[in-house]
Every structure is written in structure tokens, then in C-alpha cells.
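This is what each chain is made of:
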Amino acid sequence: MSDRRPGLRRRDVLAVGLVLATALVITSLVISRRPAAAGADQQARGRELYLTGCVSCHGVKGEGVVGPDGRRRGPSLQTSGEAGAYYYLSTGRMPLGSSDEQPRRKKRAYEGADLDALVAYVASLGTGPKAPIVHLAGADLAKGGELYRANCQACHSASGSGGALSYGRAAPSLHSAQPREIAAAMRAGPGQMPVFSSREIGGRDLDAVVRYVQYLRTPRDPGGLPIGRIGPIPEGFVAWSIGMVALLAIVAWIGTRMPIRREVEVPDQPGEGSP
Amino acid sequence: MSRTTRARRAKREPVGRWIDDRLGVAKLARTALNKVFPDHWSFMIGELGLYSFVILVLTGAYLTFFFRASTTEVTYAGSYDALRGVRMTEAYRSALDISFDVRAGLLMRQIHHWAALLFLASIVVHLGRVFFTGAFRRPREINWMVGVTLLILAIFNGFAGYSLLDDQLSGTGLRIAYSIALSIPVAGTWITSLLFGGEFPGPDIINRLYVIHILIIPAIITVLLTVHLAIVVRHKHTQFPGPGRREDNVVGERMWPTYAAKATGLFFLTAAVVCFLGGVFQINPIWIYGPFDAAQVSSASQPDWYMGWLDGALRIMPGWEIRAFGFEIPNPFFPGVLLAGLTFGLLFAWPFLEARVTGDHGEHHIDDRPRQRPVRTALGVATIAFYVILFLGAGADVLSTTFGLSVNSVLWTFRFAVFVAPVVAGSVTYRLCRELCRRDGLPMASKVSWGEIPSRLLGRHRPPDASPHPAEPDEPMPTHDELV
Amino acid sequence: MTSPEPTSGGAAERLAAACFLLATAAAIGLAVVYWRGGQTQLEGIMLAVALGGIGMGIVVVAKAFLPDEEATEAREPLASPEAEVAKLTADLESGEAPVARRRVLVASLGAALTALGASLLFPIRSLGPRPGRGLKTTPYEGGRKRVVRADGTPVRPADLPEDGVITVWPEGHTDAADAPTLLIHVRPNQGFRPRPGREGWTIGNIVAYSKICTHVGCPVGLYQAAEGLLLCPCHQSTFNVLEGARPIFGPAARSLPQLPLALDAAGYIVATGDFSDPVGPGFWDRER
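Residues numbered from 1 in each chain as written. Chains lettered and ligands numbered in written order. Predicted model: local features only at pLDDT ≥ 70, side-chain atom pairs only at ≥ 80, totals over all residues. Heavy atoms only, no water.

Participant: What should I look at first to understand the overall build of chain C in this one?
Facilitator: The helix and strand tally for chain C stands at four helices and twelve strands. A compact globule built from 288 residues should have a C-alpha radius of gyration of about 19 Å, whereas chain C, at 36 Å, is more than 25% larger. Overall, the C-alpha framework of chain C stretches about 100 × 75 × 40 Å when taken along its three principal axes. By the burial criterion, 47% of the 288 residues in chain C qualify as buried. (Helix = DSSP H or I, 4+ residues; strand = E, 2+ residues; numbered from the N terminus. Rg over C-alpha atoms; globule rule 2.2 N^0.38 Å. Buried < 20%, exposed > 50% of the residue type's maximum accessible area, 1.4 Å probe, protein only.)

Put into C-alpha cells, the structure is as follows:
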């Protein structure tokens, strides 16, 4: 925050820091809308949850743990911040059953106040990005689409259905992602995902992207059944398995004599041709 | 019945008489009406292609009234709110307008696209029918080649068509096509510069593709379709073996009235299937893909199915290329140009290659049953297996997402499968054919030893004795095998 | 087989008539749907029912009421009789002979037609410019240029967090198809090893590579930050950012070209020159 320029006196720095700190505290109080006393309780609750659920892989100070076999059991959390903690915990990706398991979206292990407490505690372990609050109302859908196509679709696909990365990795589908999870993921860059800082995609742009991702859950499908919205592969499948099968069935029906019993014979017909 | 018929005839006569007085076509018309169509459903598959083409022309003509093949930059202000205010080309905007703001426009667009997929599918199935029944043999080699040309034109026009819209997916496809053309040794840079009007994306390509897509290729297809059908009329249809069916006759149903009615019915039913797909299944949702931007791409980018084998070949090709003396033959040349050239070259040459190998240069109007030609059938199935694996390769990323596999493992699997699957499919087919023949007590084609094939292909083969080789269905021979 | 009895059409007649009536209803329905504002699915279904009803009705009529006799047509030999061929040959020669004897005429006409054909090829040349150095250069060529985002704003190193990636262009050329560049900030502990001779091409841990795949030119847009891999979604070419964007899987045979970076006086990132190699897909004389 404060540049250590030579001309700046120490007292000034202190003063600026004090003002900023006060502002931060007030802001966070306003955002969390909780009395100050609850902060201490939350801290204690978060610590308690952390020490039961996370400590075995991530260490007491969130420094990460290397097992006796030399393999890393869990990474450091000191740079994941509120955004990383919120993303992993609210999507149920953490905690894992074992350190070999791949994190996947599943049912949350922590809900409500517990979730908030644990996220806040992990955030307090180091310096990491905040999990932004998203304001979808009034967010620019078209702008979000542009940003999504520029930054997200390469991995998550234009339809948000996810996609394959190399060596068994995959970008998950975004169709079940909640707004704040999306925002937190962009700030934290979990797993293989790059980080999108607030300097790159600022608050309003972030809201726009999130709104577009939310839109992709149920976009307009004026053409009918969406068949995945990922283009030619499912389309080719439908063309062959429905279109071509139907056409061949029709041809087979037309081309074989019989199904319909002949009702009227043509009078001057010499007789049935085929023996 | 006779009274009403006479009444109708009296009514009809003046018009017919009027025409015949001026053109003298009564005899010709009667010949046409009496043309005999063999009685087997598989002979109507080609008609599916013809009718799909008619639907393509009709819907395509409608779409031209609204589409603008221009790369002028505009700002979208139509009724799709998720793109409002976005900069895009006029081509893409007009495609969006067709989809959202032209009443029945989206239906026409979707029917057009589904009809294109089914046009190609019909052509391929029809080609398979002709191949597996040996209906390409003398005197039909010319028509086989006309048909293969139509297939190539249809593939190219399909690609040109979906590349016009200038959405992200089509632009990516166009860029790949550009790079494949660029990889052609010596001439590649010139070809692409002349075709695109410069470096990719080039100022003119959309406009040029439009002319090619709506005028040049459809005109050639129309001419060749006419030739294709005229030759069929000239040759008369082939027919399957059966009682009373000989090389010198055609047994079946006359054109008029029954066959004409059935064919008309088939046209309407084909149109019904395509319209059903067009109305119910969303195809190519370009509004999701967004406008083309050379710096953007979406995962799961694939071409339409009839180009899938080429895309799959590009994917499973290992990272090899040839560089020497400062010149290079880039990687995409091998799967993109060489494979395509070999595919269509072999297709064109097949009737002649087969005749050389079997030494059978005679006329054939009776079709083979596929099981009686085990080697041809096995080769055909092996070829299909080869292209199916390539096609699956194009969906490697979609497959690995769907089944939770590593895309690298999937591609490695295909790198092997593309060689193994044809061998397995071919030998299973071969055995199956022999088994079926033995069960039915059918004679099989005569034998040619593998060792003779090269000399036969080069035309230096001298048969040891003039008598045809007898069929030997049961003999297990390690060094000899049946060919065609 | 029943005896001819036109009045008892029976089931087939009823079926065919029902098909036609259904088609009529669907066609009217189609018109109404269109008139009421249109609805793609209803339009498609109505159209399909109308067409299908007509088609099915016709086929039912053909199967049930039209003659079903088997006809046989003779197949005449295709080749013309020798005498016919001989006459044609003679006719053709009667026209050829007087000219063919006059060698000068034939030769000069041949020359005229060849020259005409060759000269008609020249307008093809107008279709596009001569492929020059354009394929080997990008707008980065010729001195220091700021790199900018799609909206034209320049980039400071601090804008890019660790594991961050953004797409940039040379200033003033954000529409150039050969210039998209990936700025990637690798983590300091990730083991980035610059290519020999390119040690000074990065700013801290920020490195720049062409976004255009060296296979067939798709944007290599998938950055796997944890492993420092770039993946092309079109054909799965995979490049290792930590080792000079060397291809490690897939059909691409060449590394992504690297862009030399530096900072200008205002602290913005600039490119000090063009890419290390021609960008994008290969071609015949790329190395010449």
C-alpha cells in the first residue's frame, strides 16, 4: 500500500496506514453486517474447524504438509486467500477424503456460519485475494460474453460445458457454478486455472462475466433441443442416428412390397408378376 | 372407371397435344414412363441425396435473400441481448438476424444445415451400396467417377457454407483450411494468397466463398447430377440376382405410375424428416460461439461430420515434418493434403484397380451380394473402420470429457487403433462372408494370389491358363487368398 | 387378392385420406403459427407433418391402388456396332483431313489457342498479392512497440499476477491475425528455463509467446497454470511454457515463437522486436 519513498516521513506512513486500516475494518464490518464481538467468535470457530478438518494436509499455519514419504500431502494455503478458500469449500472440492483424490464438485462439508468462519480463518493465514461480492443486477451481459469468449471459453468451451485439458486434466462445466464461486475462482486461479486479478478484470467486468456464465446455464435455445450446444459432434450423431436412420427406414418401407394389403386390382393386369 | 378416365383424357389431351405438336416428345415421354426400376429398397438411397439437394437449393435460395457476405464491421443491435453492442462483421450479423429477427428464418437455416448433413450422409451410404454390390464395374466406371466428384463437391460446399457465417467456430475452421492449403509444397503460399486475397483472414474470403457456395459449386453439382442420372438412364439400373433376372434385362417396376408415386412420396418424406430435425433440434448455435476473433478459440472445436475424418487425421498425426535445405513440408500436409488426395484418388481409381487385379474386364449388370466377394467386402469394411477411427479422433476431446479419460491416452489409443481396427474389422468381415456363403451354399469369387497383385496392377499379368479359377471356398491356404 | 371394387376403398383408402387431411390441417396450422408471430419448433413440426402426411399418403396410395406388376425391359448392348463407329470416324475425318494436311494452319491455330489460354490465366493473378515476407513477419517488426490489450491499453508487469495470462497485441494492431501474443506470469518456483540467448527476453517471470499454433494456426488458448502447459483445443498440441514453449504432445512440430520483452520509461511492457521465428503454421520456404 505505502510506497517507501525516501521523502515520506515515518509518521505520515503510520497515519495513512491507520486511516486505511480503519477504512478496511469498517468496510468489512459493513459487508459482513455482524457485530464486532462476533468476529472473535468466528475466528475461534474457524480455527477449530481448521484444526479438525484441514490441518493434516495443510499444516497448522497453512504452510502445506510434506508426508514422511516425501510426497506433498497438501499445498500451502498462504497465498490462496479468501477467494481460494471460498472456491474450494463452497464447491465442496475441499476437504478431500485422501490426498490422492482429485478435487471435484460435491456436497459442501461446511454450511452457513461455519463456511464463513473457515473461509475467514484460512484467509487470515496469509495474503491472498478476496472473494469478491458479485452484483448481478445491472451487469452487462454482452460485455460479459465478450470477456468470457476472450478469457474463459478456451478451456470451459463457448457453452460453458467444460472441456478436456492435457494429461487427464479437465476444465469443469460451469453449469452448476454459483455466482460467487465463479468470481472467487477467477481471483484465486484454483488448480490449472490462471489467475484473473482485479487489475485485469475489474469489479464491473467481473460482474459481467459472472452474469454471462449464469446465463449459459439456461441460454436461449430458439432452435429447439440444444443437444449440448457444443456443435458438430452431437449434431453429426443426431444426423446419423435419427436423420439417416429415419430416412433409411422410410426407404425400406417404400421399397419393399407388402405391408399394405392391396385393396383394388387393376382390371387389365395379366397377373401378379413375382412368383 | 373407364368413363371417368375417358373424361379426364379428353380434358388432358389438348395440353399434351399442344406440347407434342411443338416438341414431338410423345415417344420419348412414353419411353421415360416405361423405364423399369429394379425392386430393391437400397436402390432408392441415391434418391435421398437428390432430394436433400433439392431441399438445400430451396432453403438456400431463401437464405440468400437475407444473408450478406460482407466483412464490414458493424455493431449488433438485434434482438439477441447477449450480443447487443458487440462489434462483428456484417456476415455474422445477418446470420444472427436470420436466426432471431427473420420470421421462419431460423427454421430455414436449420433445415438447410440438417439437409446438408443428410445430403452427405446419403451420398456416403449410396456410395457404400454401389461399392459393396460391385455396381461400379464396367460399364459404370464413368458414373462412379462422376459420383465421387459429386461427393468431393458436396464436402467442399458444405465446408464453404458453414464457413460463411463468420462465427468463432467457422472462422477457426477456415483458419485450419488456410493452413492446410499453405502446407502444400512450393505452391502453398501462392494458392492461399490467391484464394484468400492475402494473408489470413484476408479481405475477400467470405465474399468469394459465398459465390463459390451459392453459385459455382451448386451449378457444377446440378450439371453432374444431371449427367449422373442421364448415365443411369442410358445404362439402365443394375439388379440383384433373382428369378428371371439376367445380364441382358432389367426386372422391376415401371416408372409410371407406381414408381413415380413412390419416388414423389419419398421426396415429401425426406423433406419431412429434414424439416422435423430443423424445427426440433438446434444446430450450429452461432450466437453461443460469438463473432470470429483470430485470437479466440473454444474448447471442443470440431468440423461438421463429413470433414471430421480430416480433422481426426490432423489430431492423431504425430508431430513430424520434413525439413531439408531450408525447405519444409509441414506436418498438416500429410494428414490434410496427402491423405485426402489418396482417399479420393483411390476412390476414383477403384473400378480400374479391381478390374486389373481380378482380370475381369467384362460388363456386369447383375449386382454382387457382398458376401460373395469376401475380399472386396472386407477391404470396404476395413476402409470404413479406418475413417470411423479418424472421425472418432476428431472427437477425442469430447470423448475424454464425456468419459473422464485423458485426452492424451485417447489420442494414443487412436494412433494405434487407426491401424489395428481396419485389420480386425476386415478379417472378421472376411471370415463372416465365407461363413455366410458356406451356410447358404453360395459360390464365391475366384481366387487371386497376393503375390500376383503387383504384376496385375502394373498390367503385366499373363494368366497361366485361360480357364477361370474355380471357387474354392473351404481351403485354408496360408499363401493364397481370395481377392475380390 | 380381392376383386376390383372401387367403392370399398377400405383401410388403405381411409389411411391415405387421413394422411392428406392431417397434412391439410398441419399446413393451415403452419400458416397460423407464422401469422401469430412464428415459433421455430411449431413451424418445423407443422411443416414436417404437412410434408410427411402428403408423402405417406402418396406412398400408401401407390402401394395399395397402383399397379404392382413386375415389368421386364431388355437391355440392349451399349457399344455401337462397328459399322456405326466406322461411319462416324469417316464423318469426323472428312472435316479434319483438309485442315490436318495443312501443317501451317494447324500449327498456327494451335499457337493462337495456346496463347489465348495462357493469357486468360493472367487475370487469376489479380486474386491476391504475391506472397512475400508477410508470412514471416508480424506488426511487431521494426523496433520497440508497446504491447496492448484488446481495448488498446498498455500493460504493466504488476497487472499480471502469478499464474496470470493475458492476450496482447502490438500497439495499433489489435486486429492483426498473426500478432496475438500470450503474456504469461509463471511462478518463481516453477522452474522456468529461458532458451540460451533469450535470457533477457523476459521481465521477471513474465514471458511472451505467440498465441498462434505452429500446427494449423488455432489460438493456443488453454493455459494450464499449475504445470505451465499451453494446449491447443483444435488438435491437442501441447507446449511447455517453462521450456521455451517446446511441443511435448500432438501434431505441432515447432515451438511457439517467443517475443522479446522489455520495459519502457513509463514502466509499460514493450516488445523489442519481432518474434523469434515466423508465426503460425509452416510453409514451404519458411526458413528461407
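Participant: How should I be thinking about the pattern of salt bridges in this particular structure?
Facilitator: Oppositely charged side chains can form a pair if their charged atoms are brought close together. Summed over all chains, the structure comprises 41 salt bridges over all chains. One salt bridge connects Arg208 of chain B with Asp204 of chain B, and the closest N-O pair in it is separated by 3.2 Å. One salt bridge in this structure joins Arg323 of chain B and Glu321 of chain B, with 2.7 Å as the shortest N-O distance. A residue is classified by how much of its surface remains accessible, and Arg323 of chain B, at 38% relative accessible area, is partly exposed. What you see here is one network of salt bridges that share partners, running through Glu321, Arg323 and Glu328 of chain B together with Arg254, Arg286 and Glu287 of chain C. (Salt bridge = Lys/Arg side-chain N within 4 Å of Asp/Glu carboxyl O.)

Participant: Sorry, what's going on with unusual backbone geometry here?
Facilitator: Only a minority of non-glycine residues have a phi that is not negative, and only a minority of peptide bonds are not trans. Note the cis peptide between Met94 of chain A and Pro95 of chain A, where omega equals 0°. Of note, the amide linkage connecting Arg138 of chain B to Pro139 of chain B takes the cis form, showing an omega dihedral of 10°. Non-glycine residue Gln236 of chain C carries a positive phi angle of around 65°. Structurally, Gln236 of chain C is set in the loop between strand 7 (229-231) and strand 8 (238-240). One non-glycine residue, Ala245 of chain C, lies in positive phi territory at about 55°. Inspection of the secondary structure assignment puts Ala245 of chain C in the loop between strand 8 and strand 9 (246-249).

Participant: Sorry, what's going on with the state of the cysteines here?
Facilitator: Cysteine pairs can be linked by a disulfide, which is a covalent bond between their two sulfur atoms. Tallied over the entire structure, the rule returns one disulfide over all chains. One disulfide bridge connects Cys218 of chain C with Cys234 of chain C, the sulfur atoms lying 2.2 Å from each other. Taking the sign of the S-S torsion, -95° for the link of Cys218 of chain C and Cys234 of chain C, the bridge is left-handed. In this pair, Cys218 of chain C is assigned in the loop between strand 5 (206-210) and strand 6 (222-224) and Cys234 of chain C in the loop between strand 7 and strand 8, connecting sequence segments 16 residues apart. Both residues of the pair, Cys218 of chain C and Cys234 of chain C, count as buried. Cys57 of chain A takes part in no disulfide bond, and the closest cysteine sulfur to it belongs to Cys54 of chain A, at a distance of 9.0 Å. Left without a disulfide partner, Cys213 of chain C is nearest to the cysteine sulfur of Cys232 of chain C, which lies 4.1 Å away. (Disulfide = S-S within 2.5 Å.)

Participant: Would you explain the nonpolar core in this entry?
Facilitator: In summary, soluble globular proteins display a tendency toward joint burial of nonpolar side chains. Among the nonpolar cores identified, the biggest contains 172 residues, and Leu83, Leu96, Trp114, Trp144 and Trp287 of chain B are the most heavily contacted of them. Broken down by element, the residue count for this core peaks at 17 residues, all from helix 5 (residues 105-132) of chain B. Trp114 of chain B has contacts with Ile227, Glu235, Val238 and Ala239 of chain A together with Val274, Leu277, Gly278, Phe281, Gln282 and Ile283 of chain B, leaving out every residue within four places of it along the chain. (Core = buried A, V, L, I, M, F, W, Y, C linked by side-chain atoms within 4.5 Å. Contact = heavy atoms within 4.5 Å.)

Participant: So what exactly am I meant to see when it comes to the sheet that holds strand 4 (residues 249-254) of chain B here?
Facilitator: Backbone hydrogen bonds hold the strands of a sheet together, and the pairing may be parallel or antiparallel. Sheet architecture is open: three strands sit in the order 1(B)-4(B)-1(C), paired in antiparallel fashion. Two strands close off the open sheet at either side, each with one partner strand: strand 1 (36-38) of chain B together with strand 1 (71-74) of chain C. Along the sheet, successive strands turn relative to each other by an average axial angle of 60°, direction set aside. Across three bridges, strand 1 of chain B lies against strand 4 of chain B in antiparallel orientation. In the sheet register, Val36 of chain B faces strand 4 of chain B, and the bridge partner there is Arg254 of chain B. Across the face of the sheet, helix 10 (residues 255-280) of chain B comes into contact with strand 1 and strand 4 of chain B while running at roughly 70° to strand 4 of chain B. (Pairing = 2+ DSSP bridges. Axes fitted to C-alpha atoms, helices over the stretch in contact; angles between N-to-C directions.)

Participant: Help me understand the interface of chain C and chain B, please; the structure alone is not making it clear to me.
Facilitator: Accessible area lost upon the coming together of the parts is a frequently used measure of interface size. Contact residues are listed per partner, giving 72 residues for chain C and 94 residues for chain B. Put simply, chain C and chain B have four salt bridges between them. Taking the shortest distance from any N to any O, the salt bridge between Lys236 of chain B and Glu76 of chain C comes out at 3.3 Å. Where chain C packs against chain B, one counts 32 residue pairs in polar contact (both at pLDDT 80 or more). Secondary-structure elements contributing two or more residues to the side of chain C that touches chain B are helix 1 (10-35), helix 2 (40-65), strand 1 and strand 3 (165-170) of chain C. Looking at the side of chain C that touches chain B element by element, the count peaks at 16 residues for helix 2 of chain C. Here the residues of the side of chain C that touches chain B sort into 37 nonpolar, 18 polar and 17 charged. Bridge count between strand 4 of chain B and strand 1 of chain C: four bridges; the pairing is antiparallel. By the bridge assignment for strand 1 of chain C, Asn249 of chain B is matched with Ala74 of chain C. (Polar contact = N/O pair within 3.5 Å; in protein donor to acceptor, adjacent residues only side chain to side chain. Nonpolar A, V, L, I, M, F, W, Y, C, P; charged D, E, K, R; others polar.)

Participant: Is there a simple way to think about helix 16 (residues 407-440) of chain B in this case?
Facilitator: Given 3.6 residues to a turn, an α-helix orients residues that are three or four positions apart in the same direction. Considering bend angle alone, the principal kink of helix 16 of chain B is centred on Ala417 of chain B and spans about 45°. Of the residues one or two after helix 16 of chain B, Gly441 of chain B is the one with positive phi, at around 65°. (Bend = angle between axes of the 7 residues up to and from the residue.)

Participant: Quick question: what am I supposed to make of the packing of aromatic side chains here?
Facilitator: Each aromatic ring pair is specified by the distance between its two centres and by the angle formed by the two planes. Going through the model one piece at a time under the given rule, you end up with 34 aromatic pairs over all chains. Here Tyr167 of chain A and Phe249 of chain C contribute two aromatic rings whose centre-to-centre distance is 6.4 Å and whose plane-to-plane angle is 70°, an arrangement assigned as edge-to-face. Here the residue Tyr167 of chain A occupies a position in the loop between strand 3 (163-164) and strand 4 (170-171), and Phe249 of chain C occupies one in strand 9, the pair thus bridging two chains. Ring-pair connections join several aromatic residues into one group, and the members of that group are Tyr148, Tyr212 and Tyr215 of chain A together with Tyr80, Phe100 and Trp287 of chain B. One residue, Arg415 of chain B, lies across the ring of Trp412 of chain B, its end atom 4.6 Å from the ring centre. (Phe/Tyr/Trp six-rings, centres within 6.5 Å; stacked < 30°, edge-to-face > 60°. Lys NZ or Arg CZ within 6 Å of the ring centre and 35° of its normal.)

Participant: Could you clarify how one ought to interpret the sheet that holds strand 7 of chain C in this entry?
Facilitator: Residues and elements named next belong to chain C. Sheet architecture is open: four strands sit in the order 6-7-8-9, paired in antiparallel fashion. Edge positions in the sheet fall to strand 6 and strand 9, since each has one partner strand and no second. Going across the sheet, the axis of each strand differs from the next one's by a mean of 30°, ignoring polarity. In the sheet, strand 6 pairs with strand 7 via three bridges, with the strands oriented antiparallel. Within strand 7, the position partnered with Gln224 by the bridge is Leu229.

Participant: What exactly am I supposed to notice about the side chain of His213 of chain B here?
Facilitator: Residues and elements named next belong to chain B. Structurally, the position occupied by His213 is in helix 9 (residues 205-235). On the basis of relative accessibility, which here comes to 15%, the residue His213 falls in the buried class. A polar contact of 3.3 Å, which involves the side chain of His213, links it to the backbone nitrogen of Gly161. In contact with His213, other than residues within four places in its own chain, are His112, Asn157, Ala160, Gly161, Leu164 and Pro218.

Participant: Got a minute to help me understand the environment of Glu101 of chain A in this structure?
Facilitator: All names here are of chain A. Looking at the secondary structure, you find Glu101 in the loop between helix 4 (81-90) and helix 5 (112-124). Along the backbone, Glu101 and Val251 are 150 residues apart, and their C-alpha atoms lie at a distance of 53 Å. Residues in contact with Glu101, not counting those within four places in the same chain, are Leu96 and Lys106.

Participant: Quick question: what am I supposed to make of the interface of chain A and chain B here?
Facilitator: Between chain A and chain B, the residue contacts involve 55 residues of the former and 60 residues of the latter. Here chain A meets chain B over a buried area of about 4,900 Å², counting both sides, of which 69% is carbon and sulfur. Counting the contacts that link chain A with chain B gives zero salt bridges. Every element with two or more residues in the side of chain A that touches chain B is listed here: helix 6 (141-151), helix 7 (153-156), strand 3, helix 9 (203-217) and helix 10 (232-255) of chain A. Here the element with the most residues in the side of chain A that touches chain B is helix 10 of chain A; it accounts for 19 residues. (Buried area = accessible area lost by both parts, 1.4 Å probe.)

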